[in-house]
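Each chain, letter by letter, is given below.
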Amino acid sequence: LGIPHHVADFRKIFADRVIADFCSEYARGRTPNPCIRCNEHIKFGRFLETAETLGAGLIATGHHARVEKDPGSGRFLLKKGRDEIKDQSYFLYRLGQYQLSRTLMPVGDLTKRQVREKARALGFPAAGATESQEICFVPGNDYPRFLESQVPEAFKPGPILDAHGRILGEHGGILHFTVGQRRGMRIAAANPLYVLSIDPAANSIVIGPDEELYRKALTASRLNYVSADAFETPTAVKAKIRYKHAEAEALVIPEGTGKVLVEFEKAQR
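Read on for an overview of the structure. (Residues numbered from 1 in each chain as written. Predicted model: local features only at pLDDT ≥ 70, side-chain atom pairs only at ≥ 80, totals over all residues. Heavy atoms only, no water.)

1. Quick look at the overall build of the protein chain
Working step 1: Looking only at helices and strands, the protein chain has five helices and twelve strands in total.
Working step 2: Judged by the C-alpha coordinates and their principal axes, the protein chain covers about 65 × 45 × 35 Å.
Working step 3: Expressed as a percentage of its 269 residues, the buried residues of the protein chain come to 34%.
Working step 4: Put simply, 52% of the contacts in the protein chain that link residues at least 6 apart link residues at least 24 apart.
Working step 5: For the protein chain, the exposed area adds up to about 16700 Å²; of that, 53% sits on carbon and sulfur atoms.
Working step 6: When the 38 basic and 32 acidic side-chain charges of the protein chain are each reduced to a single mean position, those positions are 3 Å apart. (Helix = DSSP H or I, 4+ residues; strand = E, 2+ residues; numbered from the N terminus. Buried < 20%, exposed > 50% of the residue type's maximum accessible area, 1.4 Å probe, protein only. Contact = heavy atoms within 4.5 Å. Areas by Shrake-Rupley, 256 points an atom, 1.4 Å probe, with all protein chains shown as cover. Lys, Arg positive; Asp, Glu negative; His and termini not counted. Charge placed at Lys NZ, Arg CZ, Asp CG, Glu CD.)

What follows is the structure in structure tokens.
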């Protein structure tokens with residue numbers, strides 16, 4: 001294409017900021033989203049810095065999202081991509097005003113199908129390539145094997161409990177599990193059982209029926225308001241608690257510095 005091509009090595013910062021966080025979060029009994037960390041620290045962090053040292057005023061990415069400037073406030077807004085199925089704005093919530101002001105998202109106004117059609121018309125070999133849904137640094141998408149190679153101490157056996165503290169069985173390490181999971185417990189029961197919570201301090205997991213997975217509220221931290229000012233009073237929103245979660249009506253209530261209580265209109269799984 002006649003465009004100068006530069007290669008930059010981000011392996012160390014990627015290992016320190018993305019992979020290490022992925023492992024430590026799992027060891028804490030949580031389920032991390034490394035793509036969000038990668039966007040914050042690599043793609044819109046070190047990559048943007050490197051582009052600027054090369055004299056580039058803007059960076060362009062293939063995210064299905066849109067950046068628009070609000071003429072009234074002058075603030076840059078992060079908006080969903082036109083393709084609702086492929087929208088990736090959820091993964092970009094850590095971006096700030098400076099990063100958004102330096103970013104182009106040329107496929108944000110297109111559907112995935114339109115992107116493929118354009119690529120095909122331009123003769124790009126990747127026009128029909130299959131999409132990867134896996135995490136790039138986990139070979140074969142085998143989370144347990146990867147985590148065991150990084151944090152073997154987190155794979156010691158521990159008890160599987162019910163909500164009343166009764167021991168129902170034994171697990172082979174809390175890193176095998178995430179809240180909502182059904183498989184892998186090897187416990188016979190009349191009805192399906194799911195992981196309700198994980199206690200890394202006690203090295204235990206608590207399981208129960210599907211209906212016990214529902215909650216009406218959560219506390220959110222590490223907030224970034226992106227396109228608006230921080231809420232000072234209770235504010236009605238539509239909220240989602242994971243990428244594929246359907247938006248739900250909720251009330252966001254400020255709770256001191258850096259935290260909010262999110263109360264859903266209906267309990268969410």
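2. Observations regarding the sheet that holds strand S10 (residues 235–239)
Working step 1: Reading across the sheet, the four strands line up as S9-S12-S11-S10 and stay open at both edges, with antiparallel pairing between neighbours. Unpaired on one side and paired on the other, strand S9 (215–221) and S10 mark the two borders of the sheet. The average undirected angle you get between the axes of adjacent strands in this sheet is 30°.
Working step 2: Relative to strand S11 (residues 248–254), S10 runs antiparallel, the two sharing five bridges. Within the sheet, the bridge partner assigned to Thr235 lies in S11 and is Val252. (Pairing = 2+ DSSP bridges. Axes fitted to C-alpha atoms, helices over the stretch in contact; angles between N-to-C directions.)

3. Observations concerning the packing of helix H1 (residues 11–27) against helix H2 (residues 34–53)
Working step 1: The interhelical angle for the contact between H1 and H2, taken along N-to-C directions, is 165°, at an axis separation of 9 Å. Here H1 is positioned roughly antiparallel relative to H2, judged by the angle of their axes. Both H1 and H2 take part in a crossing whose hand is right-handed. Along the contact surface, H1 presents Ile13, Phe14, Arg17, Val18, Asp21 and Phe22, while H2 presents Pro34, Arg37, Cys38, His41, Ile42 and Arg46.
Working step 2: Across the contact of H1 with H2, the residue classes break down as seven nonpolar, one polar and four charged. (Parallel < 35°, antiparallel > 145°, perpendicular 65-115°, else oblique. Left-handed = near helix turned anticlockwise from the far one by under 90°. Nonpolar A, V, L, I, M, F, W, Y, C, P; charged D, E, K, R; others polar.)

4. Considering the environment of Lys259
Working step 1: Along the chain, the position of Lys259 falls in strand S12 (residues 259–268).
Working step 2: On a C-alpha basis, the gap between Lys259 and Ala220 in space is 5.6 Å, while along the polypeptide they are 39 residues apart.
Working step 3: Contact partners of Lys259, with chain neighbours within four places excluded, come to Thr219, Ala220, Ser221, Leu223 and Pro254.

5. Observations concerning the packing of H1 against helix H5 (residues 143–150)
For any two helices packed against each other, one specifies the inter-axial angle together with the distance between the axes.
Working step 1: Two elements in contact, H1 and H5, have axes separated by 11 Å at closest approach and are oriented at 100°. Classified by the interaxial angle, the pair formed by H1 and H5 is roughly perpendicular. On H5, the residues touching Ile19, Phe22, Cys23 and Tyr26 of H1 are Tyr143, Phe146, Leu147 and Gln150.
Working step 2: Per-class residue counts for the contact of H1 with H5 are seven nonpolar, one polar and no charged.

6. Things to note about the pattern of salt bridges
Working step 1: Tallied over the entire structure, the rule returns 18 salt bridges.
Working step 2: Across the pair Arg30 and Glu25 runs a salt bridge whose closest N-O atoms are separated by 3.0 Å.
Working step 3: Among the salt bridges present, the one from Glu117 reaches Arg113, with a minimum N-O distance of 3.5 Å. In this pair, Glu117 and Arg113 are both assigned in helix H4 (residues 112–121), four residues apart and thus about one turn of the helix distant.
Working step 4: Judged by relative accessible area, Arg113 falls into the exposed class, the value being 64%. (Salt bridge = Lys/Arg side-chain N within 4 Å of Asp/Glu carboxyl O.)

7. Focus: the environment of His63
Working step 1: Looking at the secondary structure, you find His63 in the loop between strand S1 (59–60) and strand S2 (65–69).
Working step 2: Given a relative accessible area of 8%, His63 falls into the buried group.
Working step 3: For the pair His63 and Tyr214, spaced 151 residues apart in sequence, the C-alpha separation works out to 32 Å.
Working step 4: If sequence neighbours within four positions are ignored, His63 has contacts with Asn39, Lys43, Phe44, Gln88, Leu92, Met105, Val107 and Gly108.
Working step 5: Polar side-chain contacts of His63 include one of 2.8 Å to the side chain of Thr61. (Polar contact = N/O pair within 3.5 Å; in protein donor to acceptor, adjacent residues only side chain to side chain.)

8. Quick word on the sheet that holds strand S8 (residues 204–208)
Working step 1: In spatial order, the strands read S6-S5-S8-S7; together these four strands make up an open sheet with mixed pairing. On the outer flanks of this sheet lie strand S6 (167–171) and strand S7 (194–199), each paired with one strand and no other. Going across the sheet, the axis of each strand differs from the next one's by a mean of 30°, ignoring polarity.
Working step 2: One ladder, built from four bridges, connects strand S5 (residues 158–161) with S6; its direction is antiparallel. Each residue of the ladder has a partner; that of Ile160, found in S6, is Gly169.

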